[in-house]
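Results of the structural survey
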Amino acid sequence: MPTMKALGGRGMTRRGLVGAALAAGVGVPIGIAGVAGRATAAPADSGPARLTLPAPTGPYRVGTVPLHLVDRSQPDPLAGPGRHRELMISVWYPARDVRRYPLAPWMTAASMRMLLDSAGFNPEAARAPLTAGHEGAPVLHPGRRLPVVVYSHGAGSHRSDTTIVVQELASHGYVVVTVDHTYDGYSEFPDGRVTVQEDNYDATPWTYSRDLRFVLDQIADLAAGGNPDVDHARLPAGLGSALDLNRIGMFGWSKGGTATALTMGTDRRVRAGLSLDGPMVSQPPPTTDLYRPFMLMTAEYTRTTKPAVAEFFTHLRGWRLNIQAEEAIHSSYGDNQWLVPQLARIIGMSDEDLVDWIGTLDPTRAVRIGQAYPLAFCDLHLRQRGGHLLSGPSRTFPEVRFIP
């Protein structure tokens, strides 16, 4: 079994090990004091403790469903002769009548155990947090069809690593599709197979982009009334008819941010793109001029320190924006910024070590930034809803700088 590499594409550091453990749910059953919004409630039970996630702030309850896809245009030599590339995705959406539908875990139990074991922890130590998503709940149609947003993760990660952002968008009326890039992270299929990061798989940003274009095709199949799940899993009531194919956005973290840019350069179905600290490094690089909206939320991969990011920004010919939260590090716009401090309580991590892993951006502030700015971007460019948050510095978010 290959060992897990760092989330986002860096070497296996102490920070990467903690990220791997957190992806598996090492933690405590309470959230951090002062979180914006309430924590997602977990049912009372015995056994290993769970982490918690902050609840989304939108007016709608959230539903979710996993789908198993097969790209028959892409042979999979790692799986064996005659096999094709398989992907797991999750669809998140505003839901109605959620009482009979259980909350979905952040990751599956098998993926959790493998991640824990790979990171050197007891694989039975703890469970993943519960999300705000109710598995299989029927879709709420608040009026017209709903805009769609696709998410791509970083290297060595998984489709759940920005669940705080994802369920925030869903709670405000978006359908969000999150994608596991098989062999560049941890993913479990319905038959119980768990795939991990494979050293002999060429998982480039272009590989990610190919996955994303395939997923866009499957979204179109859903909207046309089809069921792309190869196992014919039951779809939530009203899912296909809720999708607006004329309003598709995309965002990604790290390598997924680069893949978002590449996909926009090759597929005009994506109307707006957002990168969460993407390095913009690929062969060939993303040098196509884009006349559609694109926003950078930078941290470590900045235009000042990374020539590839600066070069990419020059190719944005339409609406563009670069913002950055002071004291943010590479993982600050994802779930780890919230989850690592909970782990620190359990293992007795020193304040100095905690800063080494998450930086000095306050987790509660990171959550609010992650909820507010991607939502404002999608509202502006997929719903044409104005607002002042993206117009300039905000008193509500004094730590967010606008980079000219």
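Residues numbered from 1 in each chain as written. Predicted model: local features only at pLDDT ≥ 70, side-chain atom pairs only at ≥ 80, totals over all residues. Heavy atoms only, no water.

1. Examining the pairing of strand β5 (residues 146-152)
Across the seven residues that make up β5, a large majority, seven, are buried. In the sheet, β5 pairs with strand β9 (residues 243-253) via seven bridges, with the strands oriented parallel. From the neighbouring strand, Pro147 faces β9, where its bridge partner is Asp244. Pairing of β5 with strand β6 (residues 175-179), which is carried by five bridges, proceeds in the parallel orientation. Counterpart to Val150 in the pairing with β6 is Val177. What joins β5 to β6 is helix α3 (residues 163-171), and the crossover it makes is right-handed. (Buried < 20%, exposed > 50% of the residue type's maximum accessible area, 1.4 Å probe, protein only. Helix = DSSP H or I, 4+ residues; strand = E, 2+ residues; numbered from the N terminus. Pairing = 2+ DSSP bridges. Right-handed = clockwise from strand over helix to strand, strands pointing away.)

2. Concerning the environment of Gly58
Tracing the sequence through the fold places Gly58 in the loop between α1 (14-24) and β1 (61-75). Those residues in contact with Gly58, other than ones at most four positions away along the chain, are Glu168, Ser171 and His172. (Contact = heavy atoms within 4.5 Å.)

3. Quick notes on the environment of Leu87
When you line up the elements, Leu87 lands in strand β2 (residues 84-95). Placed 128 residues apart in sequence, Leu87 and Val215 show a C-alpha to C-alpha distance of 9.0 Å. Contact partners of Leu87, with chain neighbours within four places excluded, come to Leu67, His68, Leu69, Asp180, Thr182, Phe189, Asp211, Phe214 and Val215.

4. With respect to the pattern of salt bridges
Tallied over the entire structure, the rule returns 16 salt bridges. Across the pair Arg144 and Asp244 runs a salt bridge whose closest N-O atoms are separated by 3.9 Å. Taken together, the positions of Arg144 in the loop between β4 (130-135) and β5 and Asp244 in strand β9 put the pair 100 residues apart, joining distant regions of the chain. By relative accessible area, Arg144 is classed as exposed at 59%. One salt-bridge network, in which partners are shared between bridges, spans Arg83, Glu86, Asp191 and Arg193. (Salt bridge = Lys/Arg side-chain N within 4 Å of Asp/Glu carboxyl O.)

5. Notes on the side chain of Thr207
Note on placement: Thr207 falls in helix α4 (residues 205-223). For Thr207, the contacting residues outside a window of four places in its chain are Arg85, Tyr201 and Asp202.

6. Notes on the environment of Val196
Considering the arrangement of structural elements, one finds Val196 in the loop between β8 (194-195) and α4. Residue classification places Val196 among the buried positions, given a relative accessible area of 5%. In the structure, Val196 is positioned 38 residues away from His158 in sequence and 9.8 Å away in space, judged by C-alpha atoms.

7. So, the pairing of β1
Of the pairings in the sheet, the one linking β1 to β2 comprises 12 bridges and is antiparallel in character. Across the sheet, residue Pro75 finds its bridge partner in β2, namely His84. Sheet analysis places β1 next to β4, joined by three bridges and oriented parallel. The residue of β4 that forms the bridge with Val62 is Gly133.

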